[in-house]
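Each chain is listed here by its residues.
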Amino acid sequence: MSEIPAKATESEDPSDGARNQTAKGAAAPGDAMWQSSPPGSMYDYIKVAAFSIGPGGLVDQWSLRAEQLFGIPAARAVGMDPIEAFIDPDLRERGQRKMAEILDGREWTGVVPFRMPDRPDGARGTDGLAEVYVMPTRTAEGERAAVCIVVDVRTLRRIETDLAASQAIFGQSPFGFLLIDTNLRVRRANQRFASVFGGSPDEHRGRDVHDYLPRGEAERVSATLRRVLETGEPVTDMHITGNVPGSEERRHWSVNLYRVHSGSGRPIGVGWLATDVTARRAAAREAAAARRNLALLNQAGARIGNSLDLETTARELLDVVVPGFCDLATVDLYQGLLTGDETPPGMADGSAELRRVAVASAVADAPQFGSTEAVSVGAVHHFPFNSPCANALRTARPRYVPPEEGSLVQSTLAVPMVAHDTVVGLVRFARTKGSEPFGERDRDLAVELAARAAVCIDNARLYRREHERALILQRSLLPPGDPEASGLDIACRYLPGNAATEVGGDWFDVIELPGHRTALVVGDVMGRGLRAAVAMGELRTAVRTLALLDLEPAEVLSALDEIARGLGTPGGIQQATRTARQPRDADLSEVYLATCVYAVYDSVTRRCTFANAGHLPPVLVEPGEPALMLDVPPGMPLGVGGEPFEEVEVELPEGALLALYTDGLVESRDHPLDEGLHAFVGALTDPTRPLEDVCDHVLNTLDTHHGEDDIALLMARVQGLPAESVGDWTLPREPRSVGRAREHARAQLLGWGLDALVDTTELLVSELVTNALRYGEGEIRLRLLLDRTLVCEVWDGGLVQPRRRRARDTDEGGRGLQLVQLLSAAWGSRRTPRGKTVWFELPLPGADAALTDPAEALLSLF
């Protein structure tokens, strides 16, 4: 028993003993074998227990490790039979035989199942498995005894599993593992780390971070390792940059550092776990670039195309891309497309003329594109046939433009602007030196930006073309020049909406009627664009046709209402009338509505008859009186149908001013209708001024530059026909009235100094009075009117309208109206409240129209 200490030592941990020796001072050379060396003794992990058995087979010594393993203090264990205390009853007989063999001097090693003795409190002891090594000994008296060394098998198995797992993790890990010692040198490296930096894992032992990283990066990493070793605070996801042997590519790693301890808790180094994140960093950069590009596209979608103006849209594109995408940019559009030519020459091969519509630069005092580029905004130019820009226009594909030597620009993209498979222009993006050159992703983004802008520009171009065509159509349907009317001084204005609004359906007209009467018309078709302009043209044509029929104003509007309803129906007016009572879902896009004021002015009586179809009221300014709005009943708009229209007759004093207008003059978003009407009435203060000045004053006073709607303004000053220019006689219904009519006509014409018209007038008056006697009723009225032309009217009470027919050679009559047509400039008939009026018109001597010789006219009838 002399080999085993008689009592348990104060410390069973060898490492603790080593630390105690180190604390006391350096150990003697002979004691060096008892010192622990990093990473520590295996006994720090395996708690080995020992006890001895005396000659009687009973425990006579019990170590502290035995107390920890079995949970039985030495005072209780000494004197116990280990077989009876720890072995299961079924195995005790075999255990006794083994004990006898051991006491006979035989060594034995084996795995023994055991059970802890029951606790003093009655709790059953736990089962275990121990690996036992028994060595026979002798006491001082020479008796046989034994020393038993016991290791818990379960602890061994756990350590084996942990070692195997650690080895597998360390050796098979796809990450680079390093164990760096307290001197910041590599103690151990795994295969993954060695495969990246070359060599075998053992060849990396003893190296430090300066052998792998650039100096600055190595110093930073060394300081971090030292801090982790001193403080024990781990570092996660530390990014380091370097190169691997044999490659110039910069690599990026994410490193996790943590302090490693021995089984006794002593720091032995730093664990290094590295992951190559080069691809992840590249993917992150790609994702960031994609997010930037997406944000740029979103910005382009929000900012480009807010206007229907070509130049504004081009500038919006450059505002988006400079400086967010490039440093310089220009936009060139085909000159022919801007002027309305759909296929300008040279468009197919890229040699057609282009106009520079926008330029943007983020570099101060920098040329646009090289030293040869000198095209200003608004200038017309073309690219050389073999240039990359011309090639991009021909092929509709983007092209890289090589930089000029000595130029500030280092990378240029020429991207065609393609909309609806048509190239409309070219946009060039350039980056100066110091910026990253364009890549494939940049090229795709540039194509997308150019395509979006091209669609907006093409829409603006198409809108401009439609706007101009509608404006041309609308202007062609309005009265050309300054209209003239008998007994009226006329002035008019028409202002279309601006380029941002479509053309409206406003119109006005001045129509000369028989008897020196004049029809004044102002209307407004609801809606905008070419459709409204075409509808306005149809209604204006219908108004002129109905006016020539000499219908009353209310009748004209009733007929217009039917026509307006027929415009939206494929079958026309009759189909609209048949389907009016049938319930159906109305297509609002096919509904034509319009407002209109129709007035007929008689220059002889100075009386004006008004009818209104939902339009704003006319304004009358009498001399010396304030302006006022006439109380004309506003009927329903044209196209609604079902409601009659009322007429109002007003006598206009000499020199009075009459104004007809559309809502664009008096209404806008900023000015409500009532406010605009009040301002309009207030602007008409002096009716004696020239009408052109009055129109200009009204337009300058009111807010007419908003461009939200078309504006039509028609102003007329009353200048009635003087009494000395009118000859009016009533004739009895008898044959002698024909001769009296000729006498009255001759005398009146001679009094007016129209001797050249006497013979023709006498002949035609004789024909019309004769027809009134033969086919008419009631008394006959003869009236001569002198103004710009000579008008002769014959009135009677008959309702039958005269009809001209072709007389045969053998007929004695039927040639009167033919003669009237041959000798007069115009003739016709109209209904009156008490019958009808037949009239003819002759040009005055000296006018452009030459008089027809009565003799030749008579001979031409035969």
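Remember, predicted model here, so these are calculated numbers, not experimental data.

Here's the deal with the overall build of the protein chain
Helix and strand content of the protein chain: 22 helices and 31 strands. Within the span of the protein chain, comprising 862 residues, buried residues form 46% of the whole. The long-range share in the protein chain, meaning contacts at least 24 apart out of those at least 6 apart in sequence, stands at 61%. Accessible surface, the protein chain: about 43500 Å² in total, of which carbon and sulfur atoms supply 51%.

Some thoughts on the pairing of strand 25 (residues 657-661)
With five of its five residues buried, strand 25 lies for the most part within the structure. Alignment of strand 22 (residues 619-621) against strand 25, held across three bridges, turns out to be antiparallel. Considered in strand 25, the bridge of Val619 is made with Ala659. Direction of pairing for strand 25 relative to strand 26 (residues 711-718): antiparallel, over a ladder of five bridges.

Examining the pattern of salt bridges
A full pass over the atoms with the stated rule returns 35 salt bridges. Asp332 is the partner of Arg356 in a salt bridge, and the nearest nitrogen-oxygen pair spans 2.8 Å. Here Arg356 is found in strand 12 (residues 354-361), whereas its partner Asp332 is found in strand 11 (residues 328-334), with 24 residues between them in sequence. Of the two residues, Arg356 and Asp332, neither departs from the other in class, the shared state being buried. Between Glu651 and Arg607 there is a salt bridge; the shortest N-O distance is 3.2 Å. Residue Glu651 is located in strand 24 (residues 647-651), and its partner Arg607 is located in strand 21 (residues 607-613); the two are separated by 44 residues in the primary sequence. Taking relative accessible area as the criterion, Glu651 reaches 45% and is therefore assigned partly exposed. Among the charged side chains, a salt-bridge network with shared partners connects Arg517, Asp550, Arg783, Glu793 and Arg830.

Description of the sheet that holds strand 11
With respect to topology, six strands assemble into an open sheet ordered 13-12-11-16-15-14, the strand pairing being antiparallel. Edge strands, defined here as strands with exactly one partner in the open sheet, are strand 13 (380-381) and strand 14 (399-401). As judged from the six bridges shared by strand 11 and strand 16 (residues 422-432), these two strands associate in the antiparallel manner. Bridging across to strand 16, Ala329 finds its partner in Phe429. Most of the contacts of helix 10 (residues 310-321) go to strand 12, to which it runs at about 35°, and overall it touches strand 11, strand 12, strand 15 (409-419) and strand 16.

Remarks on the nonpolar core
Within the largest apolar cluster, 50 residues are counted, with the highest numbers of intra-cluster contacts made by Leu317, Val321, Phe325, Val331, Met417 and Phe429. For this core, the element with the most residues is helix 13 (residues 440-477), which contributes nine residues.

A closer look at the sheet that holds strand 29 (residues 789-796)
Strand order in the open sheet formed by five strands is 27-28-29-31-30, with antiparallel pairing between adjacent strands. Each having just a single partner strand, strand 27 (726-731) and strand 30 (826-832) make up the two edges of the open sheet. Direction aside, the axes of adjacent strands within the sheet are offset by 15° on average. Across seven bridges, strand 30 lies against strand 31 (residues 835-843) in antiparallel orientation. When the bridges of strand 31 are listed, Gly828 appears paired with Trp839. Relative to the sheet, helix 20 (residues 758-775) contacts strand 28 (780-786), strand 29 and strand 31, its axis offset from that of strand 31 by approximately 170°.

Some thoughts on the side chain of Asn190
Position of Asn190 relative to the elements: it lies in the loop between strand 7 (186-189) and helix 7 (191-197). A distance of 3.0 Å separates a polar atom in the side chain of Asn190 from the backbone nitrogen of Phe177. Apart from residues no more than four positions distant in its own chain, Asn190 is found in contact with Phe170, Ser173, Phe175, Gly176, Phe177 and Pro201.

Section: helix 6 (residues 153-172)
Note on helix geometry: an α-helix contains 3.6 residues per turn, so any two residues three or four positions apart are oriented the same way. For helix 6, built from 20 residues, the straight-helix expectation of 28 Å at 1.5 Å per residue is met to within 8% by its first-to-last C-alpha distance of 28 Å. Taken together, the buried positions of helix 6 are Val153, Thr155, Leu156, Ile159 and Phe170. Considered in projection along helix 6, the buried side chains sweep an arc of 160° and stay on one side of the axis. Opposite the packed face of helix 6, turned more than 90 degrees from it, sit the exposed residues Arg154, Thr161, Ile169 and Gln172. Two or three places before Arg154, at the opening of helix 6, Asp152 has a side-chain oxygen 3.1 Å from that residue's backbone nitrogen.

Considerations on the confidence of the model for the protein chain
Here the protein chain shows a mean pLDDT of 81. Residues at 70 or above account for 83%. Taken together, the stretch residues 1-39 has pLDDT below 50 and engages in 42 contacts with residues farther than four places along the chain or on a different chain. This model gives residues 575-589 a pLDDT under 50, and the stretch forms eight contacts once residues within four places in sequence are excluded.

About the cut-offs
- Residues numbered from 1 in each chain as written.
- Predicted model: local features only at pLDDT ≥ 70, side-chain atom pairs only at ≥ 80, totals over all residues.
- Heavy atoms only, no water.
- Helix = DSSP H or I, 4+ residues; strand = E, 2+ residues; numbered from the N terminus.
- Buried < 20%, exposed > 50% of the residue type's maximum accessible area, 1.4 Å probe, protein only.
- Contact = heavy atoms within 4.5 Å.
- Areas by Shrake-Rupley, 256 points an atom, 1.4 Å probe, with all protein chains shown as cover.
- Pairing = 2+ DSSP bridges.
- Salt bridge = Lys/Arg side-chain N within 4 Å of Asp/Glu carboxyl O.
- Axes fitted to C-alpha atoms, helices over the stretch in contact; angles between N-to-C directions.
- Core = buried A, V, L, I, M, F, W, Y, C linked by side-chain atoms within 4.5 Å.
- Polar contact = N/O pair within 3.5 Å; in protein donor to acceptor, adjacent residues only side chain to side chain.
- Expected span 1.5 Å × (residues − 1).
- Arc of directions from axis to C-beta.
- pLDDT = per-residue confidence, 0-100.

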